[in-house]
Amino acid sequence: MIATINPATGETIKTFEAADPSEVTSRIARAHDRWLSYRTTSFEQRATWLRAAADLLDAEVDDVGRLMTTEMGKTLASAKAEVGKCAKGMRYYAEHSESLLADEPADAGAVGAVQAYATYQPLGVVLAVMPWNFPLWQVVRFAAPALMAGNVGLLKHASNVPQTALYLEDVLRRAGFPEGCFQTLLISSGQVEAVLRDPRVAAATLTGSEPAGRSVAAICGDEVKHTVLELGGSDPFVVMPSADLDKAAQVAVTARVQNNGQSCIAAKRFIVHTDVYDSFAEKFVARMKALKVGDPFDSATDVGPLATEQGRVDVEKLVEEAVGKGATVLCGGSRADGPGWYYPPTVIADITEDMPLYREEVFGPVASLYRVADIEEAIAVANDSPFGLGSNAWTSDPDEQKRFVNDLEAGQVFINGMTISYPELPFGGVKRSGYGRELSGHGIREFCNLKTVWVGA
Ligand code: NAP
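Residues numbered from 1 in each chain as written. Predicted model: local features only at pLDDT ≥ 70, side-chain atom pairs only at ≥ 80, totals over all residues. Heavy atoms only, no water.

## Some words on the site of the ligand
Then comes step 1: Lining the immediate environment of the ligand, one finds 28 residues, of which Trp132, Ser159, Ser209, Leu231 and Glu361 sit closest.
Then comes step 2: Between the ligand and the protein, one listed contact pairs an oxygen atom with a backbone N or O atom of glycine 208 at 3.4 Å.
Then comes step 3: For the ligand, the accessible surface in isolation is 900 Å², of which the surrounding protein chains cover 83%.
Then comes step 4: Where the shell around the ligand is concerned, the elements lending two or more residues are helix 5 (137-148) and helix 8 (210-223).
Then comes step 5: Among the elements that take part in the shell around the ligand, helix 8 stands out by supplying three residues, more than any other. (Near = heavy atom within 4 Å. Polar contact = N/O pair within 3.5 Å; in protein donor to acceptor, adjacent residues only side chain to side chain. Areas by Shrake-Rupley, 256 points an atom, 1.4 Å probe, with all protein chains shown as cover. Helix = DSSP H or I, 4+ residues; strand = E, 2+ residues; numbered from the N terminus.)

## Focus on the sheet that holds strand 8 (residues 201-207)
Then comes step 1: Read from one edge to the other, the open sheet built from six strands follows the order 7-6-5-8-9-19, with strand pairing classed as mixed. Both outer strands of the open sheet, strand 7 (182-184) and strand 19 (434-435), are each paired with one neighbouring strand and no more.
Then comes step 2: Bridge count for strand 6 (residues 152-156) against strand 7 is three bridges, and the pairing is parallel. Pairing of leucine 154 across the sheet is with glutamine 183, part of strand 7.
Then comes step 3: Those strands touched by helix 1 (residues 21-38) are strand 5 (125-129), strand 6, strand 7 and strand 8, and its axis lies near 155° from that of strand 6. (Pairing = 2+ DSSP bridges. Contact = heavy atoms within 4.5 Å. Axes fitted to C-alpha atoms, helices over the stretch in contact; angles between N-to-C directions.)

## Brief notes about the packing of aromatic side chains
Then comes step 1: Going through the model one piece at a time under the given rule, you end up with eleven aromatic pairs.
Then comes step 2: Taking 6.2 Å as the distance between ring centres and 85° as the angle between the ring planes, the aromatic pair formed by phenylalanine 142 and phenylalanine 447 counts as edge-to-face. Taken together, the positions of phenylalanine 142 in helix 5 and phenylalanine 447 in the loop between helix 15 (440-446) and strand 20 (448-455) put the pair 305 residues apart, joining distant regions of the chain. For the pair formed by phenylalanine 142 and phenylalanine 447, the shared burial category is buried.
Then comes step 3: Pairing tyrosine 358 with tyrosine 370 gives two aromatic rings, centres 5.9 Å apart and planes at 80°, and the pair type is edge-to-face. Note that tyrosine 358 is positioned in helix 12 (residues 356-359) and tyrosine 370 in strand 14 (residues 366-372), a separation of twelve residues in sequence.
Then comes step 4: Here tyrosine 358 falls in the buried class, since its relative accessible area comes to 7%.
Then comes step 5: Given the relative accessible area of 7%, tyrosine 370 is considered buried.
Then comes step 6: Three or more aromatic residues joined by ring pairs form one cluster here, namely Phe237, Phe270, Phe280, Phe284 and Trp394.
Then comes step 7: Above the ring of phenylalanine 427, the side-chain terminus of arginine 141 is found at 4.2 Å from the ring centroid. (Phe/Tyr/Trp six-rings, centres within 6.5 Å; stacked < 30°, edge-to-face > 60°. Buried < 20%, exposed > 50% of the residue type's maximum accessible area, 1.4 Å probe, protein only. Lys NZ or Arg CZ within 6 Å of the ring centre and 35° of its normal.)

## Looking at the environment of glutamate 230
Then comes step 1: Tracing the chain through its elements places glutamate 230 in strand 9 (residues 226-230).
Then comes step 2: Taking the C-alpha atoms as reference points, glutamate 230 and valine 61, 169 residues apart in sequence, are found 26 Å from one another.

## Digging into the environment of tyrosine 422
Then comes step 1: With respect to the helices, strands and loops of the structure, tyrosine 422 is situated in the loop between strand 17 (414-415) and strand 18 (430-431).
Then comes step 2: Exposure remark for tyrosine 422: the relative accessible area of 32% places this residue in the partly exposed category.
Then comes step 3: Residues in contact with tyrosine 422, not counting those within four places in the same chain, are Phe414 and Leu439.

## Here we look at empty space enclosed by the protein
Then comes step 1: As enumerated under the stated definition, the model contains three cavities of 30 Å³ or more in all.
Then comes step 2: In this model, the largest cavity occupies a volume close to 80 Å³.
Then comes step 3: In terms of lining residues, the largest cavity is bounded by Arg141, Phe142, Pro145, Ala146, Thr205, Val228, Arg437, Glu438, Leu439, Gly443, Ile444 and Phe447.
Then comes step 4: The set of elements that each furnish at least two residues to the lining of the largest cavity consists of helix 5 and helix 15.
Then comes step 5: Of the residues forming the lining of the largest cavity, the biggest block, four residues, is contributed by helix 5.
Then comes step 6: Here the residues of the lining of the largest cavity are counted per class, giving seven nonpolar, two polar and three charged.
Then comes step 7: Estimated volume of the second largest cavity: approximately 60 Å³.
Then comes step 8: Lining the second largest cavity are 15 residues, and of these Pro236, Ala382, Phe387, Gly390 and Glu409 lie nearest its centre.
Then comes step 9: Within the residue set of the lining of the second largest cavity, elements represented by two or more residues are strand 10 (235-239), helix 13 (375-383) and strand 15 (387-388).
Then comes step 10: Tallied by class, the residues present in the lining of the second largest cavity amount to six nonpolar, six polar and three charged. (1 Å grid on protein atoms, 1.4 Å probe; cavity = no way out; pocket = protein on both sides within 12 Å on 5 of 7 lines; lining within 4 Å. Points joined across faces, edges and corners; volume = space filled by probe spheres on them. Nonpolar A, V, L, I, M, F, W, Y, C, P; charged D, E, K, R; others polar.)

Shown next, in the form of structure tokens:
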């Protein structure tokens, strides 16, 4: 069902009909027709439209923030911060895309040419399949670079954020992007295959779960179309004896419960050196216990509800199975009665490899604590995961910092900090966290044809 259902109450607010196949086909045709002219527009023109979109987001932050909170339950403060981040990301690409996509000169003499270089050209219509957890930012970080590169976008957003999805199409249109440059398709996941197989669709990007990524990548593999996959994560947060423990514990809480615990780059596994384990655990648990769970519209709330009822069932199951096999709950661990899909901040210790919690991603405010004897064991536990998205290590020892940078199997490593996405930095993962990169120059080049040019005498 494509619907806005308020996670704080469980109330269905608005439902939408999925577009029928003929509507989808005509939208693809419109996108492709538009691309044929849009691809020739200048960087300057595209940047003007993108800056106008950023200005609209800033002006409409209260309404858009409220919409996001209503659709998926993030706190209003974090929803508004996300809107601001999107405006910033748009301005980054408005300013830098031309230089990020500058021609790359080659040694013409070495290849017998008078001129040789590589040039970036847009691919065409790109489908973005996106998740609900950062309903605006996940889309903007695709759309801003893709549009600046001269591509056009089709969005299949998660079924529980249809109004945010429609807002995105609307705001880009009002900013000046011509009709068809960016369209929202209200379709089910079952309708994605037909879009991917349409010859006018050149490539796809998916942010979401591993099964969804596998399905889209398999279809695109069959069609020989380029994909970028940003999938799940179970990021390690390693704490070594030389770390500032108070700061580490404080950041650990934010890193775990941000977005009500539903972030791919949330720290999920806290791997702590035995010398500081007890002290860190005490500080961390005290802070987790002190968090205020409640109405996401209330400015005093730290943690709102989970976005979907099924999401809470999944989290509960992982916790209950672990407890059944001997894990220790240090705080939280069971939901309170009442409406809404709330789950308390939870810390669990004594986790063993036979518990699904050990390997699976927990998409809720549940932290796993591990005690390790030394840096070797810390790295071994950190890497013993199917995922490799972000990673965090806390140590003031420069040699240890180097070890973590070199040996953590992840797309990004943050030393003495938590993983955050920035327009300036590449973002992506290894292993089952996906492939390809978003953001920075790498993100904008993903959906370009790097065309080699050789000019003879
Ligand atoms: P999801 O179920 O995979 O949904 C993500 C998107 O994929 C939605 O639009 C969904 O549509 C669609 N989808 C689902 N199955 C599909 C299929 N078989 N074929 C085509 N499309 C399909 O993921 P989620 O539970 O909403 O989001 C949470 C996951 O996303 C977590 O694993 C999280 O770590 C990951 N994530 C990763 C990043 C990153 O950058 N690496 C960022 C955020 C989230 P419907 O809603 O209609 O099912």
